[in-house]
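Examining the three-dimensional arrangement
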Amino acid sequence: MDHLQRLRTFVAVAECGGFARGARLREISAPAATRAVATLERHLGALLLQRTTRSLRLTEQGEAFLADCRRILAELDAAEAAVTGARHEPQGTLAITAPALFGSRHMAPLLFEFLDQHPQLQARAMFTNRLVHLIDEGFDVALRIANLPDSGLTAVPVGRMRAVVVASPAYLKRHGTPREPADLKHHRAIGFTIEGQDRTGWAFARGRAAAPPQERLVVNANDVKVAAAVAGHGLARALAYQVTDEVRDGRLRVVLQAHEPPPVPVHLVYPAGRVAAAKVREFVHFAAERLRGLPVLQGRGLEAPRAGRRAAPG
């Protein structure tokens, strides 16, 4: 096995979390994968993987080396694709990432359809609320719901997302409907946190700050946050796509509409620089067209229930 194949084997073992699974991905035996990584470590004079009888984890040097290997191998694959024709025909493995709930509701169906259209293609998807570093973590495309900083990524706009405050009809009946941000101090709320990040304040239009409500419950999953709001545990901040069904069927109501902050831009992003491989170019074109057709990305989709339709209990 040459040095390049050892690098690929190391990446496979690290990403799969084990020699046996990494070997299957590389279509070699587990002993061959073990020898390849051991030879690589001897060549480097550094321990890349910490082995125990039950687990395998990257050392600090291994983490840094994995990021470099991913970047180098991605560049090499792109260079080969430009010569062999893969730049013109989607093939290989497409790796995408998106926020957890948006990914499961909207990106996954797009990916399924895209794979049906390209049976020679494989895919890897990670839907998570943390920010994924595309190059270091080996991803081709990400959907980002945020104001994007300057970066080395190409960004394709697909729409804008409202940020709303919602509550169940039962909660509003018991505690009243807030009319101004200042009213929040009299209300309960469901807080939301992402691991490694501080909770943000309740921001509104024109930079208006508000005394925060009492967050009696704090969760780290958007579906749990929405379920808590439906159950009447308080107000919740949400992006429009997270509560579309609940608002449409009357289980939640949008409040403080006149004070909403500006909608948040939504983009598909991918590493810039070298001409994108066909799998990236084709998926971005396909997904952007579909996403631009989603009402929730065009400021619609949170229409109140029709008159006479009964709201579900909150």
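For the structure itself, consult the block above.
Here goes a summary of the coordinates provided.

Definitions and limits used
- Residues numbered from 1 in each chain as written.
- Predicted model: local features only at pLDDT ≥ 70, side-chain atom pairs only at ≥ 80, totals over all residues.
- Heavy atoms only, no water.
- Pairing = 2+ DSSP bridges.
- Helix = DSSP H or I, 4+ residues; strand = E, 2+ residues; numbered from the N terminus.
- Axes fitted to C-alpha atoms, helices over the stretch in contact; angles between N-to-C directions.
- Parallel < 35°, antiparallel > 145°, perpendicular 65-115°, else oblique.
- Left-handed = near helix turned anticlockwise from the far one by under 90°.
- Contact = heavy atoms within 4.5 Å.
- Nonpolar A, V, L, I, M, F, W, Y, C, P; charged D, E, K, R; others polar.

Reading across the sheet, the five strands line up as 9-8-10-7-11 and stay open at both edges, with mixed pairing between neighbours. Of all strands in the sheet, those bounded by a partner on one side alone are strand 9 (214-219) and strand 11 (253-255). Each strand of the sheet is rotated relative to its neighbour by a mean of 40 degrees, with strand direction disregarded. Bridge count for strand 8 (residues 188-192) against strand 9 is five bridges, and the pairing is parallel. Across the sheet, Ile190 pairs through a bridge with Leu217, a residue of strand 9.

With a phi angle near 60 degrees, Glu27 is a residue other than glycine that sits in the positive phi range. With respect to the helices and strands, the residue Glu27 is situated in the loop between helix 2 (19-26) and helix 3 (30-44).

Quick look at the packing of helix 1 (residues 3-16) against helix 3 now. Packing of helix 1 against helix 3 leaves a shortest axis separation of 9 Å and a crossing angle of 110 degrees. Our classification of the angle between helix 1 and helix 3 gives roughly perpendicular. Our pair here, helix 1 against helix 3, has a crossing hand that is left-handed. Residues His3, Arg6, Leu7, Thr9, Phe10 and Val13 of helix 1 form the contact with helix 3, whose own contacting residues are Ala33, Ala36, Val37, Thr39, Leu40 and His43. Tallied by class, the residues present in the contact of helix 1 with helix 3 amount to seven nonpolar, four polar and one charged.

Read these as geometric descriptors, not functional statements.
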